[in-house]
Amino acid sequence: MGLRPSRTVVWTCASVATLLGAWTLASLLLPAAVLPGPWRVVLAMAALVRTAELWSDVAVTLGRIALAFALGMGTALALGTAMAVSQRAGAFFRVWIVCGITVPAIVTILTVYMVVGMNERGAVLGAALTVVPFVAINVREGLKSLDTRLLAMGQVFRASRGQVARCIVAPQIAPMLLASSRFGLGLVWKMVLFVELLGRSDGVGFRIEYYFQLFDMTHVLAYAACFVVVMLVIEVGVFGVLERRIFRWRRP
């Protein structure tokens, strides 16, 4: 049984307070140069928000995330669908998926950089390729879990292909697609920051690496926290709205 909204808010606030408390305690036990406290990071964030540098880096990183997400999700959807509907495709791409999952992300990214070059295309392609195997597995398993009895019932009632796709298939794959999109976006933005850290001269990942080289952990955490806030806004403002609209037929 789900929690009431008021109780959900209380537990969320308790979770945030616990996290901040643990952070504060750790900052008291460690030197400020190693782990600055929350208030110090918040002050640095407030200063960064007033600069054009932060918003320029965020815009560049978000552009790369959008391109890598579109490329990675498109490839993963096609690959996962093929593996779900065709046994031959499943057997053929199985080795590819296993290799993609087991090869470290840094090896994939460095290989792409060596082949394509340390440029914009290499950064986007490297970030996209690292997430394809994981999302493709989610898509494959989601499509395999379709209830074939509902499809048979649609045939018994002589439903058209459009009705089957709209009323039977779509409601079953919608949770999988939404979960895969969230999972894919979470992986993509981490990989984009990684490729920026390794081989780009702009973006949030580059700026984090720059301040790390200066041993300025306050600005490292401030930049990271600012971007986490941006991604949380996307999660609530985009995926949250989509979830409420798609699943509005569900009971609260």
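Being a predicted model, the structure only gives us computed values, none of them experimental. (Residues numbered from 1 in each chain as written. Predicted model: local features only at pLDDT ≥ 70, side-chain atom pairs only at ≥ 80, totals over all residues. Heavy atoms only, no water.)

Participant: Go over the UniProt feature "transmembrane region" (unreviewed entry) in the protein with me, naming the residues and quoting the values.
Facilitator: As recorded in UniProt, the sites labelled "transmembrane region" (unreviewed entry) are residues 9-34, 54-79, 91-116, 122-143, 164-189 and 220-242. Taken end to end, residues 91-116 is 92% helix and 0% strand, and its first and last C-alpha atoms sit 29 Å apart. In this annotation, residues 164-189 is assigned 100% helix and 0% strand; the end-to-end C-alpha distance for the span is 35 Å. (UniProt positions renumbered as here; feature names shortened; annotations may be inferred. Helix = DSSP H or I, 4+ residues; strand = E, 2+ residues; numbered from the N terminus.)

Participant: Lay out the environment of Ala 222 in plain terms, naming residues and giving numbers.
Facilitator: Residue position: Ala 222 is located in helix α10 (residues 217-246). Measuring from C-alpha to C-alpha, the distance between Ala 222 and Val 41 comes to 5.4 Å, with 181 residues separating the pair along the chain. Those residues in contact with Ala 222, other than ones at most four positions away along the chain, are Val 41, Ala 44, Met 45 and Leu 48. (Contact = heavy atoms within 4.5 Å.)

Participant: Quick one: what's the story with the packing of aromatic side chains, residue by residue and with numbers?
Facilitator: In the structure shown here, the tally under the stated rule is seven aromatic pairs. Both rings, one in Trp 189 and one in Phe 227, keep their centres 5.4 Å apart while their planes meet at 50 degrees; by these two values the pair is tilted. On the criterion of sequence distance, the pair formed by Trp 189 in helix α8 (residues 161-199) and Phe 227 in helix α10 is long-range, its members being 38 residues apart. Side by side, Trp 189 and Phe 227 carry an identical accessibility label, which is buried. Ring geometry for Tyr 211 versus Tyr 223: centroids 6.0 Å apart, planes at 35 degrees, classification tilted. Placement of Tyr 211 in helix α9 (residues 204-213) and of Tyr 223 in helix α10 is noted, with a sequence separation of 12 residues between them. (Phe/Tyr/Trp six-rings, centres within 6.5 Å; stacked < 30°, edge-to-face > 60°. Buried < 20%, exposed > 50% of the residue type's maximum accessible area, 1.4 Å probe, protein only.)

Participant: Before we move on, can you summarise the packing of helix α3 (residues 52-85) against helix α6 (residues 120-144) with the specific residues and values?
Facilitator: Contact geometry of α3 with α6 gives a least axis separation of 6 Å together with a crossing angle of 35 degrees. At the point where α3 passes α6, the crossing takes the right-handed sense. (Axes fitted to C-alpha atoms, helices over the stretch in contact; angles between N-to-C directions. Left-handed = near helix turned anticlockwise from the far one by under 90°.)

Participant: Give a description of unusual backbone geometry that names residues and reports values.
Facilitator: A positive phi angle is found at Phe 215, which is not glycine, with a value near 60 degrees. Along the chain, Phe 215 turns up in the loop between α9 and α10.

Participant: Which residues make up the packing of α3 against α10, and what values go with them?
Facilitator: One can describe the packing of α3 onto α10 by two numbers: an axis separation of 11 Å at closest approach and a directional angle of 50 degrees. As far as their axial angle goes, α10 and α3 are oblique. Along this stretch, α3 crosses α10, giving a crossing that reads as right-handed. Of the residues in α10, those touching α3 at Glu 53, Leu 54, Asp 57, Val 58, Thr 61, Leu 62 and Ile 65 are Tyr 223, Cys 226, Phe 227, Val 230, Met 231 and Ile 234. Considered class by class, the residues forming the contact of α3 with α10 number 10 nonpolar, one polar and two charged. (Parallel < 35°, antiparallel > 145°, perpendicular 65-115°, else oblique. Nonpolar A, V, L, I, M, F, W, Y, C, P; charged D, E, K, R; others polar.)

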